[in-house]
Amino acid sequence: MDELDEQILGILQDNARCSFSEIGRRIGLGTNATAARVRRLEDDGVILGYTVVTGHDAPEPHGGLEVFVDVLLNADTDYETFVAAIAPIPQIIDAVHMTGPYDYLLRARLRDTAALDSLLRRLKKSCGVVQTQTRVALRQPTSRRGGR
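The structure displayed is predicted, hence computed values, not measured ones.

Rules and cut-offs
- Residues numbered from 1 in each chain as written.
- Predicted model: local features only at pLDDT ≥ 70, side-chain atom pairs only at ≥ 80, totals over all residues.
- Heavy atoms only, no water.
- Phe/Tyr/Trp six-rings, centres within 6.5 Å; stacked < 30°, edge-to-face > 60°.
- Helix = DSSP H or I, 4+ residues; strand = E, 2+ residues; numbered from the N terminus.
- Buried < 20%, exposed > 50% of the residue type's maximum accessible area, 1.4 Å probe, protein only.
- Pairing = 2+ DSSP bridges.
- Axes fitted to C-alpha atoms, helices over the stretch in contact; angles between N-to-C directions.
- Contact = heavy atoms within 4.5 Å.
- pLDDT = per-residue confidence, 0-100.
- Parallel < 35°, antiparallel > 145°, perpendicular 65-115°, else oblique.
- Nonpolar A, V, L, I, M, F, W, Y, C, P; charged D, E, K, R; others polar.

This next bit is on the packing of aromatic side chains. A complete count under the given rule lists two aromatic pairs for this structure. Summarising the aromatic geometry, the rings of Phe-82 and Tyr-104 are spaced 4.9 Å apart at their centres and angled 45° between planes, so their arrangement reads as tilted. Here Tyr-104 lies in strand E3 (residues 104-110) and Phe-82 lies in helix H4 (residues 79-86), a separation of 22 residues in the sequence. For Phe-82, a relative accessible area of 0% puts it in the buried group. Here a set of aromatic residues connected by ring pairs shows up, and it is made of Tyr-79, Phe-82 and Tyr-104.

Below is the structure:
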């Protein structure tokens, strides 16, 4: 992947419906060259898919819940299967493979506790999760500053 691929990914993450011509205009490539790059990113598995986030599933822009979910996988679930199973879940922002008693730490943004309940049920029913432990962020920093 080069700088143009990174720019393409950034644009598509902001708006997956952006046309090839619009993406190309923004990065200085023609429509066909842009389309070829996007298709290569798809073929290489960099872009795994596109999804729709409904108003019901989406967190409020400056509200909702931010949660951290420790996940213990079923003994029959391998890591690749788990990562593929959670990939289409738009509420999951990040998944980190961890040491310790749990296998993964998930970070998610959710509208409310009902959406959290739904996510936890989905993880256990469809993603190979046997146990979770959830922490809810009470507040978020207003700005990030460099250093400690």
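Time to look at the sheet that holds strand E4 (residues 129-136). If you walk across this open sheet you meet the four strands as E2-E3-E1-E4, and the pairing is antiparallel. Sheet topology places strand E2 (92-97) and E4 at the edges, where each strand pairs with a single neighbour. Across the sheet, the axes of successive neighbouring strands diverge by a mean angle of 20°, strand direction being ignored. Across seven bridges, strand E1 (residues 65-73) lies against E4 in antiparallel orientation. Paired with Val-71 across the strands is Thr-132, a residue of E4. Across the sheet, H4 is in contact with E1, E2, E3 and E4; its angle to E3 comes to roughly 5°.

Bringing the confidence of the model for the protein into the picture now. Overall, the predicted model of the protein reaches an average pLDDT of 86, with 86% of residues at or above 70. Mean pLDDT in the protein bottoms out at helix H1 (residues 3-14), which sits at 88, and peaks at E4, which reaches 96. Of the regions scoring below 50 in pLDDT, residues 143-148 engages in zero contacts with residues more than four places distant in sequence or in other chains.

A separate point is the packing of H1 against helix H3 (residues 31-43). As a packed pair, H1 and H3 sit with axes 11 Å apart at the nearest point and diverge in direction by 85°. The orientation of H1 with respect to H3, classified from their angle, is roughly perpendicular. Along the contact surface, H1 presents Leu-4, Asp-5, Ile-8, Leu-9 and Leu-12, while H3 presents Arg-37, Val-38, Arg-40 and Leu-41. Among the residues forming the contact of H1 with H3, the class breakdown is six nonpolar, no polar and three charged.

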